[in-house]
Amino acid sequence: MVIAMAALMAVSLLAACSTKVSRVGAEEQIDVTDSWNATDSKLVADKMIEDMVTFPWLKEWEEKHDRKPRVIIQSVRNKSHEHIPVGTFINDLKRAMLKSGKMQFVSGGAEREAVREEREQQDVYATEKTRAEMGAETGADFALAGSINSTVQQASGKRVTFYQVDLELINLTTTEEAWYGQKKIKKVADKGGLF
């Protein structure tokens, strides 16, 4: 009888702890914590690039040149209190830039190095007719760099997490700051005294 009761309790416990998983659209916003998430990344990237293309630097560029400005992302540093996948945020920035149709994007960093390595391999192994030329890269006109910062305040079961993303666009010829953008997100989590 004791063994049967223990087995029944074990089965009940396992049933209560089962996990149900369902698929949702990638664009659907789901917040299970107050941490930075995919929605924050896309929202911030879209808003900041939208802001960047409304500043005077772009109109001035278009008046002086017959092509779109070329932008390279130098770095976005995570200075927040948590692990933020900066690569995902950078990809969201790239997508927003290209989607705007107002500028061209030039690869940098590890992507550029991988392409250069491939070109070197082609120089040795591909036919002259099909190999990509050395020394024919497109240079960037502007560099985008910035950081993600955060602060956390908590008391009496309530936690407020504040994120601030700062980005600056620098003219690579003159080193002038063509644009400075800032986006802030504040999230409130209430756990009824559990923090």
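Owing to the predicted nature of the structure, the values given are computational and were not obtained by experimental measurement. The residue numbers shown here count from 1 along each chain, following its written sequence. Two thresholds apply to this predicted model, a pLDDT of at least 70 for residue-level local features and 80 or more for giving and counting side-chain atom pairs, whereas whole-chain, interface and lining totals are computed over all residues. No hydrogens and no water enter the side-chain calculation; it runs on all heavy atoms of the structure.

Trainee: Break down the pairing of strand β4 (residues 158-171) for me, with residues and values.
Mentor: Examined bridge by bridge, strand β3 (residues 142-155) and β4 share 14 bridges and lie antiparallel to one another. Note on β4: the bridge partner recorded for N149 is Q164. Taking the residues between adjacent antiparallel strands as the criterion, β3 and β4 are bridged by two residues, where S156 takes a positive phi near 50°. As paired elements, β4 and strand β5 (residues 177-190) share 13 bridges and run antiparallel to each other. Across the sheet, residue L169 finds its bridge partner in β5, namely W179. DSSP calls a pair of strands paired once it identifies at least 2 bridges connecting them. Helix numbering and strand numbering both begin at the N terminus, where a helix is a DSSP run of H or I of at least 4 residues and a strand a DSSP run of E of at least 2. Where β4 folds back on β5, the antiparallel hairpin that results is connected by five residues, among which T175 adopts a positive phi of roughly 65°.

Trainee: How would you sum up the packing of helix α2 (residues 38-52) against helix α4 (residues 86-100)? Please name residues and give values.
Mentor: Angles here are taken between N-to-C directions and fall from 0 to 180 degrees, while the axes themselves are lines fitted to C-alpha atoms, restricted in helices to the stretch in contact. Running from N to C, α2 and α4 point in directions that differ by 40°, and their axes come no closer than 8 Å. For the element pair α2 / α4, the angle class is oblique. Crossing angle aside, the handedness with which α2 passes α4 is right-handed. Mapping the contact onto sequence places S41, K42, V44, A45, D46, I49 and M52 in α2 and T88, F89, D92, L93, A96, M97 and S100 in α4. The classification used treats Ala, Val, Leu, Ile, Met, Phe, Trp, Tyr, Cys and Pro as nonpolar, Asp, Glu, Lys and Arg as charged, and all other residues, Gly among them, as polar. For the contact of α2 with α4, the per-class residue count stands at eight nonpolar, three polar and three charged. Angular relationships are summarised with four words: roughly parallel below 35 degrees, roughly antiparallel beyond 145, roughly perpendicular across 65 to 115, and oblique for the angles in between. Handedness of a crossing follows from how the near helix is turned relative to the far one, being left-handed for an anticlockwise turn of less than a right angle and right-handed for a clockwise one. A contact between two residues is defined here by any heavy atoms of the two lying within 4.5 Å.

Trainee: Outline the side chain of D92, listing residues and values.
Mentor: Here D92 is to be found in helix α4. Among buried charged residues, D92 stands out as having no salt bridge; its nearest opposite-charge side chain is R95, 6.3 Å away. Polar contact criterion, stated in full: a pair of N or O atoms within 3.5 Å, where within protein one must be able to donate a hydrogen and the other to accept it, and residues adjacent in sequence count only if both atoms are side-chain atoms. Of the polar contacts made by the side chain of D92, one reaches the side chain of S41; its length is 2.6 Å. Within polar-contact distance, the side chain of D92 engages the backbone nitrogen of K42 at 3.4 Å. If we ignore the near neighbours within four places in the chain, the residues touching D92 are S41, K42 and A45. Here the term buried applies to any residue with accessible area under 20% of the maximum for its type, exposed to any over 50%, and partly exposed to those in between, with areas from a 1.4 Å probe on protein chains only. For the purpose of counting charges, residues Lys and Arg are taken to be positive, whereas Asp and Glu are taken to be negative. His and the chain ends are not included. What counts as a salt bridge is simple: a side-chain nitrogen of Lys or Arg found within 4 Å of a carboxyl oxygen of Asp or Glu.

Trainee: Lay out the packing of aromatic side chains with the relevant residues and their values.
Mentor: Each pair of aromatic rings taken from Phe, Tyr and Trp, with Trp reduced to its six-membered ring, is defined by centres within 6.5 Å and is described as stacked if the planes are under 30 degrees apart, edge-to-face if over 60, and tilted in the remaining cases. In the structure shown here, the tally under the stated rule is five aromatic pairs. Ring centres of W36 and F89 lie 6.0 Å apart, and the angle between their planes is 85°; this geometry places the pair in the edge-to-face category. Note that W36 is positioned in the loop between α1 (2-16) and α2 and F89 in helix α4, a separation of 53 residues in sequence. This pair shows no difference in class: W36 is buried, exactly as F89 is.

Trainee: Talk me through the nonpolar core; I want residue IDs and the actual numbers.
Mentor: Core analysis: the largest hydrophobic core is formed by 30 residues, its most contacted members being W36, M52, V76, F89, L93 and L144. Elements supplying a minimum of two residues to this core: α2, α3 (56-64), β1 (70-79), α4, β3, β4 and β5. At six residues, the largest contribution of residues to this core is made by α4. Here M52 is in contact with W57, M97, M103, L144, L169 and W179, once residues within four sequence places are set aside. Joining through side-chain atoms within 4.5 Å is the link that ties buried Ala, Val, Leu, Ile, Met, Phe, Trp, Tyr and Cys residues into a set, and such a set is a nonpolar core.

Trainee: For α2, give the residues involved together with the corresponding values.
Mentor: The length a helix should cover is 1.5 Å for every residue beyond the first. For α2, spanning 15 residues, the distance from its first C-alpha to its last is 21 Å, which sits close to the expected 21 Å at 1.5 Å a residue. Buried residues in α2 make contact with α3, α4, β3, β4 and β5.

Trainee: Mind laying out the environment of P85, listing which residues take part and the relevant values?
Mentor: Following the sequence through the fold, P85 ends up in the loop between β1 and α4. Assessed through its relative accessible area of 41%, P85 is described here as partly exposed. Here the alpha-carbon distance between P85 and N37, two residues 48 residues apart in the chain, equals 9.1 Å.

Trainee: Quick one: what's the story with the pattern of salt bridges, residue by residue and with numbers?
Mentor: Counting across every chain of the model gives seven salt bridges. D141 is paired through a salt bridge with R67; the nearest N and O atoms lie 2.8 Å apart. On the criterion of sequence distance, the pair formed by D141 in the loop between α5 (109-125) and β3 and R67 in the loop between α3 and β1 is long-range, its members being 74 residues apart. Note that R116 and E113 form a salt bridge whose closest N and O atoms lie 3.2 Å from each other. Remark: E113 and R116 occur in helix α5; sequence separation between them is three residues, near one turn of the helix. Assessed through its relative accessible area of 28%, R116 is described here as partly exposed. Via salt bridges that share partners, E113, R116, R119 and E137 belong to a single interconnected network.

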